[in-house]
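Each chain is listed here by its residues.
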Amino acid sequence: AQSVTQLGSHVSVSEGALVLLRCNYSSSVPPYLFWYVQYPNQGLQLLLKYTSAATLVKGINGFEAEFKKSETSFHLTKPSAHMSDAAEYFCAVRPIGTNAGKSTFGDGTTLTVKP
Amino acid sequence: EPEVTQTPSHQVTQMGQEVILRCVPISNHLYFYWYRQILGQKVEFLVSFYNNEISEKSEIFDDQFSVERPDGSNFTLKIRSTKLEDSAMYFCASAGNNSPLHFGNGTRLTVT
């Protein structure tokens, strides 16, 4: 069984400020972890992925996330927010080694960036 | 970069009608999925498909739903008799071995 909890359904930051979107997971087997971004009226775009290599993962658009097994967390960060970062962000978990296994998504966090 | 493509982008249908949502997964991928997202809600798993059969399905995926890979390139989701509550964004995804899911841009289904 696997689940994802995203703390904070809405996060608001000022342009240039640090972005921190929280994700905690639960998985009975070692997980792959992903962050997806969804812009209004668009599909899900992969931001970054953790696949059991480096624990600090860098993605597109300046985002990065750190896998912390002891905290079962995979928080998404960006040092300086841009207006274009305003979107819905989803954390997802998928068990390693289950190729056909589904990814389970969190409820999502809406990021608002204020000028 | 290869993409998952979905057609149509928007489908409007009347309650009780059958709809078929179409997807072309990335060509060398082996695992295929449908997810849905009701407006303003989370992304929900519907079904996964591998080796020409369903590998897992959620409780949402009842007898009104079916999937098919008719010709080795398309992957379709059929809803036999649509209900108002089927209105949602439907996302197709595909994956290779140990890779993340790659999603299409979705089909917005509106049932009136």
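Our subject is the structure listed above.
Structure report, in brief. (Residues numbered from 1 in each chain as written. Chains lettered and ligands numbered in written order. Predicted model: local features only at pLDDT ≥ 70, side-chain atom pairs only at ≥ 80, totals over all residues. Heavy atoms only, no water.)

1. Some details on the interface of chain B and chain A
How big an interface is tends to be reported as the loss of accessible area on association of its parts.
Item 1. In this assembly, 22 residues from chain B lie in contact with 21 residues from chain A.
Item 2. Together chain B and chain A conceal approximately 1,800 Å² of surface at their shared face, both sides included; 53% is due to carbon and sulfur atoms.
Item 3. When the area that chain B buries against chain A is broken down by residue, the three leading residues are Lys 42, Asn 98 and Pro 100 of chain B, summing to 29%.
Item 4. Counting across the interface, chain B meets chain A through two salt bridges.
Item 5. With a shortest N-O distance of 3.3 Å, Lys 42 of chain B and Asp 107 of chain A are connected by a salt bridge.
Item 6. For the pair chain B and chain A, the number of links is six residue pairs in polar contact (both at pLDDT 80 or more).
Item 7. Of all the elements in the fold, those that place two or more residues in the side of chain B that touches chain A are β4 (31-37), β5 (43-50), β6 (53-57) and β9 (88-95) of chain B.
Item 8. Taken together, the residues that form the side of chain B that touches chain A break down as eleven nonpolar, eight polar and three charged. (Contact = heavy atoms within 4.5 Å. Buried area = accessible area lost by both parts, 1.4 Å probe. Salt bridge = Lys/Arg side-chain N within 4 Å of Asp/Glu carboxyl O. Polar contact = N/O pair within 3.5 Å; in protein donor to acceptor, adjacent residues only side chain to side chain. Helix = DSSP H or I, 4+ residues; strand = E, 2+ residues; numbered from the N terminus. Nonpolar A, V, L, I, M, F, W, Y, C, P; charged D, E, K, R; others polar.)

2. Remarks on the nonpolar core
Item 1. Ranked by size, the top nonpolar core spans 27 residues in total, and within it Trp 35, Leu 48, Leu 76 and Tyr 89 of chain A carry the most contacts.
Item 2. Among the secondary structure elements, those contributing two or more residues to this core are β2 (10-14), β3 (19-21), β5 (31-38), β6 (44-50), β8 (64-68), β9 (73-78), β10 (87-95) and β12 (109-114) of chain A.
Item 3. Ranked by the residues each element gives to this core, the list is headed by β10 of chain A, at four residues.
Item 4. The residues contacting Leu 48 of chain A, other than those within four sequence positions of it, are Leu 33, Phe 34, Trp 35, Val 57, Lys 58, Gly 59, Phe 63, Glu 64, Ala 65, Phe 74 and Leu 76 of chain A.
Item 5. Phe 65, Ala 88, Tyr 90 and Val 111 of chain B belong to the second largest nonpolar core, which has 22 residues in total. (Core = buried A, V, L, I, M, F, W, Y, C linked by side-chain atoms within 4.5 Å. Buried < 20%, exposed > 50% of the residue type's maximum accessible area, 1.4 Å probe, protein only.)

3. Examining the environment of Leu 77 of chain B
Residues and elements named next belong to chain B.
Item 1. As for its position among the elements, Leu 77 is in strand β8 (residues 75-79).
Item 2. For Leu 77 and Tyr 33, which are 44 residues apart along the polypeptide, the C-alpha to C-alpha distance reads 9.7 Å.
Item 3. The contacts of Leu 77, once residues within four sequence positions are left out, are Val 19, Ile 20, Leu 21, Trp 34, Leu 46, Phe 61, Phe 65, Ser 66, Val 67 and Tyr 90.

4. Observations concerning the sheet that holds strand β7 (residues 65-68) of chain B
All names here are of chain B.
Item 1. The four strands lie next to each other as β1-β3-β8-β7, forming an open sheet whose pairing is antiparallel. Two strands bound the open sheet, and with one partner strand each, they are β1 (5-7) and β7. Ignoring strand direction, the axes of neighbouring strands in this sheet form an average angle of 20 degrees.
Item 2. In the sheet, strand β3 (residues 19-24) pairs with β8 via five bridges, with the strands oriented antiparallel. Within the sheet, the bridge partner assigned to Val 19 lies in β8 and is Ile 79. (Pairing = 2+ DSSP bridges. Axes fitted to C-alpha atoms, helices over the stretch in contact; angles between N-to-C directions.)

5. Comments concerning the state of the cysteines
Item 1. Going through the model one piece at a time under the given rule, you end up with two disulfides over all chains.
Item 2. Between Cys 23 of chain A and Cys 91 of chain A runs a disulfide, and the two sulfur atoms are separated by 2.0 Å. With the S-S dihedral at roughly -65 degrees, the linkage between Cys 23 of chain A and Cys 91 of chain A falls on the left-handed side. With Cys 23 of chain A in the loop between β3 and β4 (24-27) and Cys 91 of chain A in strand β10, this residue pair connects regions lying 68 residues apart in the sequence. Residue Cys 23 of chain A shares its accessibility class with Cys 91 of chain A, and that shared class is buried.
Item 3. Here Cys 23 of chain B connects covalently by a disulfide to Cys 92 of chain B, the sulfurs 1.9 Å from one another. (Disulfide = S-S within 2.5 Å.)

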